[in-house]
Protein chains: 2
Amino acid sequence: MARWDPNARQRLERAALELFVRQGYDRTTVAEIAERAGLAKSTFFRHFADKREVLSGGDALTRLLTGAVAAAPPGAGPRQAVEAALAAVGAQAFTAERHETVRERQQVVAANPELTERELLKREALAAALTAALRERGVPEPTAVLAAVLGLLALRAALARWTARPGQDFTALALAELTALCEAAAAL
Amino acid sequence: MARWDPNARQRLERAALELFVRQGYDRTTVAEIAERAGLAKSTFFRHFADKREVLSGGDALTRLLTGAVAAAPPGAGPRQAVEAALAAVGAQAFTAERHETVRERQQVVAANPELTERELLKREALAAALTAALRERGVPEPTAVLAAVLGLLALRAALARWTARPGQDFTALALAELTALCEAAAAL
């Protein structure tokens, strides 16, 4: 087995998800995950701190969202920056090819209180990171925190719809949710 | 010591907070809290499941907020219902007499990662409860979730300002925060 395997991370994530879906998160060990991926247990721990980490996506979502906000054109307002972030997620994370994986991951998290709790805590950290990215663009308070919160509400609502049925475009769903939230906010 | 003490709960909360501030949350035992309150350890466990619970306020905040939303006049819109909830918190929880207690509680929570985590999870539950209370009034989606989220953002922002300096009116701060958030949302 090669010391350096560029696909190790993905293989471990895939193997873990398959085992979690089949036999449950609690009954799956790190050793089993590594074995199923055809890798050593030590390789698992080079990529993830523990079993819970294997489902976190290495905070890829945070990097995607904050990176897209930072990369939005200088003239883009906070709403446009958030729209760019949602579009980046649709283009790179919640794609047609990843639909089944994302759906299975959601099921595993929902079935396990420990993972659900972790997800809620990550959601708070994500909101803070997105707010910070908007502030970096010079967006003042309370608009920065508001745009971040509405963006993440739109993301969650769109994700629930998107995972429920294959063949939908995540970005379109998310932008429609954001529009609905902004309209509801303006009418409040 | 009387078997039934109507002030036992408050005395235990007060004693716990004093000990947490003075010697730290981790180094304080339930036995010490009970002793300082002049009550038996068994009395502590009639009121609280564990040491962490003594700081939770028995979800009083959730009851206050959802109760006020339910009690708002039938003609009140979602924003007015949330304003009523913030006013109820200002009148009953974040009062001048409780300023020092609330401030100390915030400090203890902020200094302890375990308590901070618990607080974040409770925040999610609070948002869900407030959204449900608004839905009960017939507020449609996504307005219900939005009004709840904006109300809790206003509450958090106002609480930070209010605890920073005594002598301020919590309700006035919270309503001003809510107005600022709604204006920012309308301009997004």
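Residues numbered from 1 in each chain as written. Chains lettered and ligands numbered in written order. Predicted model: local features only at pLDDT ≥ 70, side-chain atom pairs only at ≥ 80, totals over all residues. Heavy atoms only, no water.

Looking at an unreviewed UniProt entry, chain A carries the name TetR family transcriptional regulator, with the source organism given as Kitasatospora phosalacinea.

A few points about the UniProt feature "DNA-binding region" (unreviewed entry) in chain A
Under the convention used in this document: UniProt positions are given in the numbering used here, feature names are shortened, and annotations may be inferred rather than shown by experiment. For helices the rule is a DSSP run of H or I covering at least 4 residues; for strands it is a run of E covering at least 2, with both sets numbered from the N terminus onward.
Those residues carrying the UniProt feature "DNA-binding region" (unreviewed entry) are residues 29-48 of chain A in this numbering. The span residues 29-48 of chain A carries 75% helix and 0% strand; its end-to-end C-alpha distance comes to 13 Å.

Examining the confidence of the model for chain A
Rule in force here: For every residue, the pLDDT score states the predictor's confidence, bounded by 0 at the bottom and 100 at the top.
Residue-level pLDDT values for chain A average 91, and 96% of them are 70 or greater. For this predicted complex, the interface score ipTM comes out at 0.83, alongside a pTM of 0.86.

A few points about the relation of the copies chain A and chain B
Using the following cut-off: We superpose the copies by least squares over the C-alpha atoms of residues that have a pLDDT of at least 70 in both of them. The criterion used for residue contact is that any of the two residues' heavy atoms lie within 4.5 Å.
With an RMSD of 0.1 Å, the operation that places chain A on chain B is a rotation of 180 degrees combined with a shift of 0.1 Å along the axis. When the rotation and shift are considered jointly, the pair of chain copies conforms to a two-fold rotation axis. Among all C-alpha atoms of chain A, that of Ala186 of chain A lies closest to the rotation axis, at 2.0 Å. Of the residues that chain A buries at the interface, 100% are likewise interface residues in chain B, meaning the two copies contact each other through the same surface.

Structural notes on the interface of chain A and chain B
For clarity, the threshold we go by: Summed over both partners, buried area is the accessible surface (1.4 Å probe) that two parts give up on being assembled. Salt bridges are defined by distance alone: a side-chain nitrogen of Lys or Arg within 4 Å of a carboxyl oxygen of Asp or Glu. Within 3.5 Å is the distance limit for a polar contact, defined as a pair of N or O atoms, with the added protein rule that one can donate a hydrogen and the other accept it, and that residues adjacent in sequence qualify only through two side-chain atoms.
Across the contact, 23 residues belong to chain A and 23 residues belong to chain B. In total, about 2,100 Å² of surface goes out of reach between chain A and chain B, with carbon and sulfur atoms giving 81% of it. Per-residue buried area on chain A facing chain B is highest for Glu124, Leu146 and Leu188 of chain A; these three make up 33% of the total on that side. Run the count over chain A and chain B and you get 2 salt bridges. The closest approach of N and O atoms between Arg123 of chain B and Glu124 of chain A, which form a salt bridge, is 3.1 Å. Run the count over chain A and chain B and you get 2 residue pairs in polar contact (both at pLDDT 80 or more). Listing elements by their share of the side of chain A that touches chain B, those giving two or more residues are helix 5 (78-92), helix 7 (113-136), helix 8 (143-164) and helix 9 (170-186) of chain A. Of the residues forming the side of chain A that touches chain B, the biggest block, 8 residues, is contributed by helix 8 of chain A.

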